[in-house]
Amino acid sequence: MDTKKDIDTAETKVTRRDFLYLTTGSFTVVGAGALVWPFIAQMNPDASVKALASTEVDLSPIMPGQSITILWRGKPVFVRRRTEEEIAEAQAVEQTDLPDPETDETRVQKPEWLVMVGVCTHLGCIPLGNKGEYNGWFCPCHGSHYDTSGRIRKGPAPKNLEIPSYVFLDDNTIKIG
Amino acid sequence: MSDDYEPQSTVAKWIDKRLPIITLFSGHLMQFPTPKNLNYWWTFGGILTFCLITQIITGLVLAMHYIADANLAFASVEHIMRDVNYGWLLRYIHANGASMFFIAVYLHMARSLFYGSYKEPRELIWIIGVFIFLLMIATAFMGYVLPWGQMSFWGATVITNLFSAIPFFGEAITNWLWGDYSVSGALLTRFFTLHYLMPFLIFGLVILHIWALHVPGNNNPEGIDVVKGQDTVPFHPHYVVKDVLALVVFMIVFAGFVFFSPNILGHSDNYIQANPLQTPEHIVPEWYFLPFYAILRAIPDKLGGVIAMVSAIAILAFIPWLDSSKVRSCKYRPLYRQFYWLLIADFILLGYLGSQSATGIYLILGRLATLYYFLHFILVMPLIGFIEKPKPLPKSISEPVLSKEEQLAKSGQTA
Ligand code: HEM
Ligand code: FES
């Protein structure tokens with residue numbers, strides 16, 4: 001075979017062989033990807049887990065200053081009926097004092113009811129209520145302090161406690177999720 | 001070596017001609033030329049192999065009784081402890097075996113660091129070792145989750161949440177890992193599967209580790225190259241006997257834990273069934289993870305802490321290129337030797353700090369110890385090679401011995 005001529009053609013124009021290599025290669029990559037995906041996706045939350053994704057809560061037994069913990073998607077959700085002082089304290093905070101600035105108004109639908117996921121945004125422990133330097137929650141694992149609005153004030157956690165999506169079905173019932 | 005060996009019996013010859021497995025084993029486990037000056041620090045390789053096999057055998061029989069289900073796992077472990085014949089023994093061997101495994105691997109790694117066994121031409125042996133260590137960490141962590149006690153559950157929560165520190169994809173990745181929106185039974189079954197699989201992957205890596213070792217052969221306490229024949233003895237019986245003696249001592253300590261204080265290395269909270277609504281007062285990982293846990297907590301930032309902890313292990317893989325000295329053994333490195341012991345002390349201090357709550361003086365010490373850990377590798381190791389004046393190396397490992405004999409012979413003549 002004349003190698004010199006081969007090199008010339010390879011440099012100057014796209015051959016039929018190049019085309020075949022590229023198409024075979026692309027199809028192999030796409031095919032392999034399509035085959036691998038089910039093996040990866042099977043690990044994602046499955047249909048039965050997703051089906052359990054909403055919960056209704058009756059608020060009537062909760063007195064001011066009390067809170068309850070319910071299980072939603074395997075996680076604790078704190079529902080706290082805040083006292084006047086707690087609300088005032090939460091609303092008085094300067095945004096500049098917050099590592100993750102958020103006003104109290106954006107974190108509640110009705111100021112009396114604070115609903116949030118009770119999972120520390122550091123590494124997932126459950127903070128303890130009525131504790132810590134800010135009268136709110138304290139996480140024993142690595143020492144994160146949250147205020148009466150569930151906002152991070154001090155410690156390694158980067159974010160405020162998460163607010164789940166919920167709606168008031170009536171004055172005394174909420175639906176989480 | 002392998003080419004010196006001829007199978008004797010007809011059957012052996014018949015097999016070996018078709019599959020030279022007898023030659024292979026006898027070459028690598030019997031005749032293999034081994035430096036004649038190896039000390040007891042070289043027995044941990046054999047001890048580690050013993051640990052791996054112990055974990056695999058006890059694990060297999062535990063798996064015959066264990067049930068990987070969030071509602072049944074805890075009860076099935078109690079069933080192993082109370083009802084299964086000798087179940088308590090098998091579980092205590094397996095649980096304490098993990099600790100013994102880590103004692104051995106830490107000593108084995110400290111040996112390699114002291115005698116410069118990671119240096120040219122043994123870099124790959126070391127790097128494969130780092131991967132084995134990584135898989136051991138993963139295996140032991142997942143194993144600890146299986147009994148589904150409080151420490152299992154919250155340990156799993158804290159560690160899997162490390163992935164949530166990844167920017168943008170963190171949450172998607174943790175949900176994918178969990179197969180749920182929190183740690184649950186879905187995680188338990190996949191951890192059991194992986195806990196079962198990984199020891200066999202480790203086994204594969206061990207074979208590569210030894211294969212890579214048998215190309216240049218063992219390093220030795222003098223850290224100099226050996227002359228085959230003059231400086232070596234066959235592995236069997238010399239080192240087989242030495243390894244077995246060390247193994248027996250190791251097994252005595254092991255049995256001491258299993259029979260006299262089987263729970264001393266564990267945490268009593270793990271005898272309380274997992275409760276997703278209550279975090280224990282004080283979360284601590286198993287003792288062998290404490291130094292890395294201390295590094296995680298030393299950094300006040302979530303992502304930063306995770307990066308530091310991962311780097312603390314990853315940096316080990318680069319040691320062959322971070323160390324600038326040509327001399328392998330610390331016996332001949334008067335200056336570096338001091339820093340070596342400082343690193344060991346630092347690592348032990350980190351382990352202690354990992355068990356304390358990270359506040360006040362403990363936090364400050366934790367930060368200093370973390371700082372030194374990294375400085376040792378990225379500053380001390382590269383620089384000292386240029387500053388230090390090593391002690392003169394012997395010409396061969398036989399030299400000290402031979403010259404003594406020669407002197408004796410001479411003095412005999414003159415007398
Ligand atoms: C590298 C080797 C291994 C290590 C370091 C290791 C480590 C561990 C650890 C730390 C535990 C928790 C012990 C406890 O507190 O109860 C555990 C449990 C368990 N392991 Fe392993 N393991 C290894 C190999 C295996 C293998 C090969 C199997 C199965 C074939 C296995 C099956 C189990 C089972 C069923 C449990 C749950 C029962 C129990 O908690 O005692 N392990 N493992
Ligand atoms: S998990 Fe809450 S502070 Fe670390």
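To keep things clear, this report deals only with the structure shown in the data block.

## Here we look at the environment of Ala110(B)
Residues and elements named next belong to chain B.
Part 1 of the reasoning: Counting through the fold element by element, Ala110 comes out in helix 5 (residues 87-114).
Part 2 of the reasoning: Assessed through its relative accessible area of 19%, Ala110 is described here as buried.
Part 3 of the reasoning: Put simply, Ala110 and Trp341 are 231 residues apart on the chain and 10.0 Å apart in space, counted from C-alpha to C-alpha.
Part 4 of the reasoning: Sequence-distant contacts of Ala110, defined by excluding residues within four places in its chain, comprise Tyr340 and Ile344.

## Points about the interface of chain B and chain A
Part 1 of the reasoning: With 26 residues of chain B in contact, the opposing surface of chain A contributes 25 residues.
Part 2 of the reasoning: Around 2200 Å² of area is buried between chain B and chain A when both sides are counted, 64% of it from carbon and sulfur atoms.
Part 3 of the reasoning: Summed over the three residues of chain B that lose the most area to chain A, namely Trp176(B), Tyr181(B) and Lys302(B), the buried surface amounts to 35% of that side.
Part 4 of the reasoning: On inspection of chain B and its partner chain A, the count reaches 0 salt bridges.
Part 5 of the reasoning: Mapped by element, the contributors of at least two residues to the side of chain B that touches chain A are helix 7 (150-160), helix 8 (170-178) and helix 11 (290-298) of chain B.
Part 6 of the reasoning: Residue composition of the side of chain B that touches chain A, by class: 13 nonpolar, 8 polar and 5 charged.

## Comments concerning the state of the cysteines
Residue and element names in this part refer to chain A.
Part 1 of the reasoning: One pass over the structure, following the stated rule, counts 1 disulfide over all chains.
Part 2 of the reasoning: Each sulfur of the disulfide joining Cys125 and Cys141 lies 2.0 Å from the other. Between Cys125 and Cys141 the sulfur-sulfur dihedral comes to about -90°; the bridge is accordingly left-handed. Of this pair, Cys125 sits in the loop between strand 4 (113-117) and strand 5 (128-129) while Cys141 is found in the loop between strand 6 (137-139) and strand 7 (144-146), placing the two residues 16 residues apart along the sequence.
Part 3 of the reasoning: You can call Cys125 buried: its relative accessible area is 1%.
Part 4 of the reasoning: Overall, the relative accessible area of 9% leaves Cys141 in the buried class.

## Observations regarding the coordination of the iron atom of ligand 1
Residue and element names in this part refer to chain B.
Part 1 of the reasoning: The iron atom of ligand 1 binds to the protein through His94 (NE2) and His195 (NE2); the donor distances cover 1.9 to 2.0 Å.
Part 2 of the reasoning: Taken together, the 6 donor atoms surrounding the iron atom of ligand 1 define angles of 88 to 179° at the centre, an arrangement classified as octahedral. Placement of the pair is His94 in helix 5 and His195 in helix 9 (residues 185-213), with a sequence separation of 101 residues. One exposure class covers both His94 and His195, and it is buried.

## Points about the sheet that holds strand 4 of chain A
Residue and element names in this part refer to chain A.
Part 1 of the reasoning: The 3 strands lie next to each other as 2-3-4, forming an open sheet whose pairing is antiparallel. Each end of this open sheet is capped by a strand with a single partner; those strands are strand 2 (67-72) and strand 4. Across the sheet, the mean angle from the axis of one strand to that of its neighbour is 20°, orientation sign disregarded.
Part 2 of the reasoning: Both strand 2 and strand 3 (residues 75-81) contribute to a ladder of 6 bridges, which runs antiparallel.

## Structural notes on empty space enclosed by the protein
Over the atoms, a rolling probe the size of a water molecule traces out where space has been left empty.
Residues and elements named next belong to chain B.
Part 1 of the reasoning: Applying the stated rule across the entire model yields 3 cavities of 30 Å³ or more.
Part 2 of the reasoning: Within this model, the largest cavity holds a volume of roughly 870 Å³.
Part 3 of the reasoning: The wall of the largest cavity is formed by 41 residues, among which His94, Ala95, Gly143, Tyr144 and His195 lie closest to the centre.
Part 4 of the reasoning: Every element with two or more residues in the lining of the largest cavity is listed here: helix 3 (44-63), helix 4 (73-82), helix 5, helix 6 (123-145) and helix 9.
Part 5 of the reasoning: The element best represented in the lining of the largest cavity is helix 5, accounting for 9 residues.
Part 6 of the reasoning: Residues belonging to the lining of the largest cavity are distributed by class as follows: 27 nonpolar, 12 polar and 2 charged.
Part 7 of the reasoning: Of the volumes computed, that of the second largest cavity is approximately 60 Å³.
Part 8 of the reasoning: The wall of the second largest cavity is formed by Ala294, Arg297, Ala298, Leu353, Ala358, Tyr362, Leu363 and Gly366.
Part 9 of the reasoning: Within the lining of the second largest cavity, the residues separate by chemical class into 6 nonpolar, 1 polar and 1 charged.

## A few points about the site of ligand 1
Residue and element names in this part refer to chain B.
Part 1 of the reasoning: In the vicinity of ligand 1 lie 24 residues, with Arg91, His94, Gly143, His195 and Tyr196 positioned nearest.
Part 2 of the reasoning: Within the side chain of His94, a nitrogen or oxygen atom sits 2.8 Å from a nitrogen atom of ligand 1.
Part 3 of the reasoning: In the model, a nitrogen atom of ligand 1 is placed 2.8 Å from a nitrogen or oxygen of the His195 side chain.
Part 4 of the reasoning: The cavity that encloses ligand 1 is the largest cavity.
Part 5 of the reasoning: Among the secondary structure elements, those contributing two or more residues to the shell around ligand 1 are helix 3, helix 5, helix 6 and helix 9.
Part 6 of the reasoning: The element contributing the most residues to the shell around ligand 1 is helix 3, with 6 residues.
Part 7 of the reasoning: Split by residue class, the shell around ligand 1 holds 17 nonpolar, 6 polar and 1 charged.

Definitions and cut-offs
- Along each chain, the written sequence defines residue order, and numbers are assigned to residues from 1.
- By the order in which they are written, chains take letters starting at A while ligands take numbers starting at 1.
- Thresholds applied to this predicted model are a pLDDT of at least 70 for local features of residues and 80 or more for the giving and counting of side-chain atom pairs; totals over whole chains, interfaces and linings are not thresholded and use all residues.
- The basis for every side-chain value is the complete set of non-hydrogen atoms in the structure, without hydrogens or water.
- Secondary structure follows DSSP: runs of H or I at least 4 residues long count as helices, runs of E at least 2 residues long count as strands, and numbering of each begins at the N terminus.
- Only protein chains enter the accessibility calculation, which uses a 1.4 Å probe; a residue whose area is less than 20% of its type maximum is buried, one above 50% is exposed, and one in between is partly exposed.
- Contacts: residue pairs with any heavy atoms within 4.5 Å of one another.
- Defined in terms of a 1.4 Å probe, buried area is the accessible area two parts forfeit on being brought together, summed over both.
- The rule for a salt bridge is simple: a side-chain nitrogen of Lys or Arg has to be within 4 Å of a carboxyl oxygen of Asp or Glu.
- Any residue outside Ala, Val, Leu, Ile, Met, Phe, Trp, Tyr, Cys, Pro, Asp, Glu, Lys and Arg is labelled polar, Gly included; the first ten of those are nonpolar and the last four are charged.
- Note on terminology: disulfide denotes any pair of cysteine sulfur atoms within 2.5 Å.
- Each metal's donors are the N, O and S atoms found within 2.8 Å of it, except that Na, K and Ca use a 3.2 Å limit; water is left out, so coordination can look incomplete.
- By the criteria applied here, four donors are tetrahedral when all angles lie between 85 and 135 degrees, four are square planar and six octahedral when opposite donors are over 155 degrees apart and every other angle lies between 65 and 115, and any other arrangement is irregular.
- Two strands qualify as a pair provided DSSP detects at least 2 bridges between them.
- Axis definition: a line fitted to C-alpha atoms, over the contacting stretch in the case of helices. Angles run 0 to 180 degrees between N-to-C directions.
- Cavity: a set of points on a 1 Å grid over the protein atoms alone where a 1.4 Å probe fits but cannot get out. Pocket: an open set with protein on both sides within 12 Å along at least five of seven lines, its lining residues, like those of a cavity, having an atom within 4 Å of a point.
- Grid points are joined across faces, edges and corners, and a volume is the space filled by probe spheres set on the points.
- Think of it this way: one heavy atom of a residue within 4 Å of a molecule or strand is enough to make that residue near it.
- Here a polar contact is taken to be a pair of N or O atoms separated by no more than 3.5 Å, where protein atoms must pair a possible hydrogen donor with a possible acceptor and residues adjacent in sequence count only if both atoms sit in side chains.
- The way we define it, a molecule is inside a pocket or cavity when more than half of its atoms are within 2 Å of that pocket's grid points.

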